[in-house]
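Report on the structure
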Amino acid sequence: MDFPTFIFLSSLISVEVLAQRTFLWQEVGSPSCVRCCDDSEKPVSNPTKSRVKQYILYPAPKFQPHIDMTILKGDKGENGEEGQAGRSGRDGEPGPPGALGEKGQKGQRGPSGNSCKNQYAAFSVARRKSLHSTDYFQPVIFDTVFVNLYEHFNMFSGIFFCYIPGIYFFNLNVHTWNLKETYLHIIKNSQEVAMLYAQPSDRSIMQSQSIMLDLQEKDEVWVRMFKRERENAIYSDDTDVYIIFNGYLIRPATE
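Our subject in this report is the structure included herewith. (Residues numbered from 1 in each chain as written. Predicted model: local features only at pLDDT ≥ 70, side-chain atom pairs only at ≥ 80, totals over all residues. Heavy atoms only, no water.)

**Some words on the packing of aromatic side chains**
Aromatic ring pairs: the centre-centre distance and the angle between the two ring planes describe each pair. Counted by the stated rule, this structure contains 19 aromatic pairs. Between Phe123 and Phe170, the ring centres sit 6.2 Å apart and the planes meet at 45°, which makes this aromatic pair tilted. Taken together, the positions of Phe123 in strand 3 (residues 122-127) and Phe170 in strand 9 (residues 166-175) put the pair 47 residues apart, joining distant regions of the chain. Residues Phe123 and Phe170 agree in their burial class; the two are buried. On the basis of an interplanar angle of 85° and a centroid distance of 5.0 Å, the ring pair of Tyr183 and Phe226 is categorised as edge-to-face. (Phe/Tyr/Trp six-rings, centres within 6.5 Å; stacked < 30°, edge-to-face > 60°. Helix = DSSP H or I, 4+ residues; strand = E, 2+ residues; numbered from the N terminus. Buried < 20%, exposed > 50% of the residue type's maximum accessible area, 1.4 Å probe, protein only.)

Here it is as structure tokens:
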């Protein structure tokens with residue numbers, strides 16, 4: 001350590017003096033004992049005092065240094081190694097939508113479609129037997145097929161099932177019975193959409209009803225007889241065909 005530095009540190013040391021270092025003379029021992037007497041007795045002459053002189057050494061002062069560490073600050077050390085990455089935090093909430101970008105360039109023209117791909121649906125069925133209504137509502141079942149494209153018309157239930165959505169045309173033709181009422185409905189699903197009616201007469205006549213319907217996939221169309229107070233019937237025989245139900249697709253919805 002340099003001499004000036006030593007002097008500077010010495011100035012910062014606080015000294016705690018516990019005692020002063022002093023050399024003293026002290027007499028050790030005591031004079032001889034003297035007998036006390038009353039006034040009638042004379043005191044004995046004082047004996048010779050015996051004293052011993054010696055040095056007494058008091059302890060030296062203790063020094064307790066206090067160094068101000070703030071003035072001994074060293075140079076800045078080097079940076080340590082980078083620690084391991086912590087766990088990823090939770091995803092934040094989506095931010096607001098950004099501004100609209102510029103319009104992109106027009107894409108290339110796609111290939112031409114197949115113009116020969118067309119969709120069809122059509123049926124034409126008939127009934128060769130007369131029918132009297134026995135229930136309040138009674139479906140008309142047909143027994144003769146003229147056209148039933150892709151079997152969309154169910155001959156067992158008398159119902160046309162729509163597999164191709166679009167605009168359809170339906171037509172119903174019947175022959176009335178003498179002196180009996182003729183009362184039928186064309187039904188879409190469970191709703192009456194058209195009625196065919198003829199009052200009782202002494203002459204039997206041909207009656208017809210037509211309608212166009214906008215059908216969705218799985219819609220159903222069928223013919224139902226409706227019985228009231230009067231007897232309801234339609235006429236036919238095995239020779240000629242009098243009862244016919246037709247339907248076909250005019251335009252598919254996909255065009």
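**Regarding the pattern of salt bridges**
This model, assessed by the stated rule, comprises two salt bridges. Residue Glu231 pairs with Lys180 through a salt bridge whose shortest N-O separation is 3.5 Å. Taken together, the residues Glu231 in the loop between strand 13 (220-226) and strand 14 (233-234) and Lys180 in the loop between strand 9 and strand 10 (182-188) connect sequence positions 51 residues apart. The exposure class assigned to Lys180 is buried, which follows from its relative accessible area of 15%. We note a salt bridge from Arg224 to Glu192, for which the minimum N-O separation is 2.7 Å. You can see Arg224 sitting in strand 13 and its partner Glu192 sitting in strand 11 (residues 191-198), a full 32 residues away along the chain. Classification of Glu192 by relative accessible area gives partly exposed; the value is 35%. (Salt bridge = Lys/Arg side-chain N within 4 Å of Asp/Glu carboxyl O.)

**What about a nonpolar patch on the surface?**
Taken together, the side chains of Tyr120, Phe146, Val147, Leu149 and Tyr150 make up a nonpolar region of the molecular surface, amounting to roughly 500 Å² of accessible area. Of note, Leu149 is situated in the loop between strand 6 (144-148) and strand 7 (153-154). The class for Leu149 is partly exposed, based on a relative accessible area of 30%. (Patch = residues over 30% accessible without salt bridge, like charges linked within 9 Å, V, L, I, M, F, W, Y side chains within 5 Å. Areas by Shrake-Rupley, 256 points an atom, 1.4 Å probe, with all protein chains shown as cover.)

**Focus: the environment of Ile250**
Following the sequence through the fold, Ile250 ends up in strand 15 (residues 243-252). Taking the C-alpha atoms as reference, Ile250 lies 8.6 Å from Tyr120; in sequence the two are 130 residues apart. Residues within four places of Ile250 in sequence aside, it is in contact with Ile167, Tyr168, Phe169 and Met212. (Contact = heavy atoms within 4.5 Å.)

**Things to note about the nonpolar core**
Among the nonpolar cores identified, the biggest contains 30 residues, and Phe142, Tyr168, Phe170 and Phe245 are the most heavily contacted of them. At the level of elements, strand 3, strand 9, strand 10, strand 11, strand 12 (206-215), strand 13 and strand 15 are the ones that each hand at least two residues to this core. When residues in this core are grouped by element, the largest group, four residues, is from strand 9. Aside from chain neighbours lying at most four places away, what touches Phe142 is Val125, Ala126, Arg127, Phe153, Met155, Val223, Ile243 and Phe245. (Core = buried A, V, L, I, M, F, W, Y, C linked by side-chain atoms within 4.5 Å.)

**Side note on the sheet that holds strand 6**
Spatially, the five strands line up as an open sheet ordered 6-3-15-9-12, and their pairing is antiparallel. The open sheet has two edge strands with one neighbour each: strand 6 and strand 12. Here the average twist between neighbouring strands, direction ignored, is 10°. Here strand 3 pairs with strand 15 via six bridges, running antiparallel. Bridge pairing in strand 15 links Arg127 to Ile243. (Pairing = 2+ DSSP bridges. Axes fitted to C-alpha atoms, helices over the stretch in contact; angles between N-to-C directions.)

**Brief notes about unusual backbone geometry**
For Glu151, which is not glycine, the phi torsion reads 60° and is therefore positive. One can find Glu151 in the loop between strand 6 and strand 7. Even without glycine at this site, Lys218 takes up a positive phi of about 80°. Among the secondary structure elements, Lys218 is positioned in the loop between strand 12 and strand 13. Given the relative accessible area of 68%, Lys218 is considered exposed.

**So, the side chain of Asn173**
Looking at the element boundaries, Asn173 is found in strand 9. Within the structure, the side chain of Asn173 is placed 2.6 Å from the side chain of Asn171, a separation counted as a polar contact. Within the local environment of Asn173, its side chain forms a polar contact with the side chain of Ser208, the two groups lying 2.8 Å apart. In this structure Asn173 touches Gln207, Ser208, Tyr242, Ile243, Ile244 and Asn246, once residues within four positions along its chain are discounted. (Polar contact = N/O pair within 3.5 Å; in protein donor to acceptor, adjacent residues only side chain to side chain.)

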